[in-house]
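Residue strings, one per chain:
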Amino acid sequence: MKTVFSATLALVVLAASGARADPLSCNLSAYKAASGLAAAVADNTLTVTWDGDRGDELRLRFVVEGGAPVIQEIAVRKKGGAWAALATHVAPDYRVASGLRRMSNQQISPLRGLGVELTPAIVDTYRWEPFWDAPLDLSAPSGRGGNPPPADGIANQPGLPRKPEEIKRAAAAYRTTSCEVRTSGARIEVSFPGVQLGVFAGALQYSIFKGSNLVQQEIVAKTSEPWVAYKYDAGLKGLSTRGGARVVWRDTASAWQDYRFGGARNDEVVPLKTSNRLVIAERGSAGSIAAFPPPHTFFWAREVAINLGYNYYRKDDDGSFSFGIRQAEHEDESEGQANFALYSARPGSTQRMTLFLYPTSEPAQAAYQSALAFTHGDHYKALPGYQVMNHHYHMDLGQRLGAAGSLDADIPDLVALKALGINIVSQIDSVGGGADATPEGAVYPGARPVAASRTESQPQAAAGGGRGGGPGAPAGGGAGRGRGGDPLQIRYNSIEGAKRHSDVNFLVMADQEFYGSPLGGHTDLLFSHPVYWTSGRAPNQPLVETDPKYGKVYRIASADDLMEMARREDVLINMPHPRTKGSTGYPDAVKDLPFFNDPHYQGMGFRWGMGLDRSEERLCEYRCQPLFDDMNNWVADKPEPPKYMLSISEVRHQQPGDEIYASSPVTYVKLEALPKPEDPSPVIRALMRGDSFVTSGEVLMPAFTVKGSGRDRTIVADVEWTFPLNFVEVVWGDGTKSDRQVISTTDLAPMGSHHFEIPFNAAGRKWVRFAAWDSAGNGAMSQPVKLAASPTTAEKH
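Everything quoted here is computed from the prediction, not taken from an experiment.

J.: How would you summarise empty space enclosed by the protein if you had to cite specific residues and measurements?
T.: Computed from the structure, the largest cavity encloses a volume of approximately 140 Å³. Residue lining of the largest cavity: 15 residues in total, with Ile495, Ala510, Pro530, Pro677 and Pro680 positioned closest to the centre. When residues of the lining of the largest cavity are traced back to their parent elements, those giving at least two are helix H6 (487–501) and strand S27 (507–514). By residue number, the principal contributor to the lining of the largest cavity is S27, which donates five residues. For the lining of the largest cavity, the residue count by class is 10 nonpolar, one polar and four charged. Each pocket or cavity is described by its volume, and for the second largest cavity that value is around 120 Å³. Looking at the second largest cavity, it is lined by 14 residues, and the ones nearest its centre are Phe299, Trp300, Arg302, Val304 and Tyr310. Considered class by class, the residues forming the lining of the second largest cavity number nine nonpolar, two polar and three charged.

Encoded structure:
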């Protein structure tokens, strides 16, 4: 036994025997001892002890054996009690599968419509951010629909089918002889270099957070290979099956399930379709360890949110087992297989393959609730003065109600969404196509080809009968996504159906996505009241006609027509999935055209996952964040409002049991009361004022204000969070370029809140916004505020 003392803390740390351990050289030069958070090395063992939550004290002991890091012990006790080992002699369990990233036909089509030559530079610009790619799918293009990469190849991108040699699978291999311990605010980071995981090389890292039982385990690694797309599985292996051990989870019907290792050993992992992405290893009365992934950045964008089994266990032999998190090899068998894009790994970028562990002295069900608290129970927390909204759910309400033959037909999507705490559902019916629609690739006169620096094709019907096959599904008299049938009848079904499926605390909005839009790319239309329109107009036909059934009907034949309808009827226009999918090349190509500066052209849709990269510290850091700032620089010197961000979903028909919470962000709209379904105009007005913030749900921003005048301003924001908060930032632009000030928040405890007041020099700066980001990649962003030269009142949202 050894006793470790520091200047600020006298703490006894028990040093385990290192009889089997390799010699361990551990650099503690960046470590600072602190009360309730300590690390020490003795007898080739690194011991970290810290104060957790709910009166727990925790201990991790690390050794290196045969060049591989080993957790010699995970132990927990109540303050003043005896230590209880939850696991001994366990090791990280990592596997990776990687393939080749390809650009999709969906991205290529709008670029060709703009006259952009598909040079290697252009392909390289957009290749990282497809929606339609499936790097592990070796099958030949099957005609099951979608917009996969071109079969013949383009520029420096090979065609389809993919070759077996493109796919590489590996388990982590270690050549570790040392470690490093560093203090970062109220957390300790422990790093073991010498990890090889397939095409990646780097280190195994653990982050321990004072005031929480949470442990962040991750491989932090880089690749030098080009065009890597990958997935990873992560867990712990070597846990004992004895002592009353069991694996516990809730199934997708929320019923408790367990496995007590009475069966034969497993050759492969046993996928678990769990609720909330959570699995728990319980060790009798000693306590439990919960394992779960980052709630959002673990998931790339898909057409559906079908639960594919994101946890696993594996009985390795009669005495030991493994458990953790996983991703499937392919999409659900009911769906087309061309939409399973994996993560992108740009060469030299630092990829973080994260697993969260939550050890506790409590039994499995209590551990489950404690871990679930990090996502508010997969529920969007109610905030006074705000309503929780998401938009661009591909629900196709009008078509589905028409197909059902009743406006009162059951729509399971709405049941599932309401259960998450969302009380404004801006569902979309997709419109366009047909003989009278704007052809795919047609653009507003004056649209400019995009350069190779930055920038969906008309979605094709997907066969196969699955929920993701919505585009080809018959609805509303045979209309698939607005094709065929009577578009006015579909619109009527949607408007009246939305009213019937709303409630006093739940608003359904009858909104639309216009693909092949005359504004370029795809256009979302959010309506402040019922509006009827169709695409196309005969020669000499007026813009507005009176229909005996539907009343006023607009006939839209151009961008000018669409914008005139928006101005007359107060329609909010938003571009979903910009710079990818059918909006590749947009809005860059139309930023100098008159309609882009119209206040009704409100901004852009925000959704990570199309090109999800595990090196991103901010949600959608490569695509959305730069574009958001670009758009506000484009309008910085114009009298119109800033461009705003609206959360979107890309998921089609959903139902209870799907992994919906993980799949999209939400927008908190500043409204004291929920509008009546007959008049959603207060929602539209609030969004057009920028009275909202966008969030993944774990980080909330109840207040944001810019105070002061002239150059001396103060950014004031109230923020609350669950996962440990990494940093907040002030982002600004001068009309040409953007910059940011990043403020570390690692000294703040998890499950906290803080009032920020940050001095800001506004000289030469035209707009400013605020954001906060946590250790799981979750975050919240304010809308931008234009900086008047001498405001008389505080600028706020």
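J.: Explain the packing of aromatic side chains residue by residue, including any values.
T.: Applying the stated criterion to the full structure yields 37 aromatic pairs. Relative to Phe340, the ring of Trp300 has its centre 5.1 Å away and its plane inclined at 90°; by these criteria the two rings are edge-to-face. Here the residue Trp300 occupies a position in the loop between strand S20 (287–292) and strand S21 (311–317), and Phe340 occupies one in the loop between strand S22 (320–325) and strand S23 (343–345), the gap between them amounting to 40 residues. Classification of Trp300 by relative accessible area gives buried; the value is 4%.

J.: Give me unusual backbone geometry: which residues, what numbers.
T.: Cis geometry is adopted by the peptide bond preceding Pro161, which originates at Leu160 and carries an omega value of 0°. Locating Pro161 in the fold gives a position in the loop between helix H2 (120–126) and strand S9 (168–171). Of the consecutive residues Tyr586 and Pro587, the connecting peptide bond is found in the cis state with omega at 5°. Tracing the sequence through the fold places Pro587 in the loop between strand S32 (572–575) and strand S33 (601–606). Phi at Arg54 is positive, roughly 55°, even though this residue is not glycine. Inspection of the secondary structure puts Arg54 in the loop between strand S5 (45–51) and strand S6 (56–65). Even without a glycine there, the phi angle at Arg277 is positive, about 65°.

J.: Hey, could you go over the layout of surface pockets for me, with residue numbers and the actual values?
T.: Its volume calculated, the largest pocket comes out at about 510 Å³. Forming the boundary of the largest pocket are 33 residues, of which Gln216, Arg352, Glu617, Asn726 and Ser775 lie nearest the centre. Taken together, the elements giving at least two residues each to the lining of the largest pocket come down to strand S11 (178–184), strand S12 (187–197), strand S13 (200–209), strand S14 (215–222), strand S24 (351–360), strand S39 (725–733) and strand S42 (767–774). Top contributing element to the lining of the largest pocket by residue count: S13, with three residues.

J.: Break down the pattern of salt bridges for me, with residues and values.
T.: This model, assessed by the stated rule, comprises 53 salt bridges. Linking Arg352 and Glu218 is a salt bridge whose minimum nitrogen-to-oxygen distance equals 2.9 Å. Of this pair, Arg352 sits in strand S24 while Glu218 sits in strand S14, and the two are 134 residues apart along the sequence. Among the residues examined, Arg352 registers a relative accessible area of 31% and is labelled partly exposed.

J.: So what about helix H5 (residues 412–419)? Which residues, and what values?
T.: What H5 keeps buried is the set Asp413, Leu414, Ala416 and Leu417. All buried residues of H5 project into a common sector of 165° when viewed along the axis, lining one side. Elements that come into contact with the buried residues of H5 comprise strand S25 (386–393), helix H4 (397–404), strand S26 (424–431), H6 and S27. Downstream of H5 by one or two residues, Gly421 has phi in the positive range, about 95°.

Quick notes on the rules
- Residues numbered from 1 in each chain as written.
- Predicted model: local features only at pLDDT ≥ 70, side-chain atom pairs only at ≥ 80, totals over all residues.
- Heavy atoms only, no water.
- 1 Å grid on protein atoms, 1.4 Å probe; cavity = no way out; pocket = protein on both sides within 12 Å on 5 of 7 lines; lining within 4 Å.
- Points joined across faces, edges and corners; volume = space filled by probe spheres on them.
- Helix = DSSP H or I, 4+ residues; strand = E, 2+ residues; numbered from the N terminus.
- Nonpolar A, V, L, I, M, F, W, Y, C, P; charged D, E, K, R; others polar.
- Phe/Tyr/Trp six-rings, centres within 6.5 Å; stacked < 30°, edge-to-face > 60°.
- Buried < 20%, exposed > 50% of the residue type's maximum accessible area, 1.4 Å probe, protein only.
- Salt bridge = Lys/Arg side-chain N within 4 Å of Asp/Glu carboxyl O.
- Arc of directions from axis to C-beta.
- Contact = heavy atoms within 4.5 Å.

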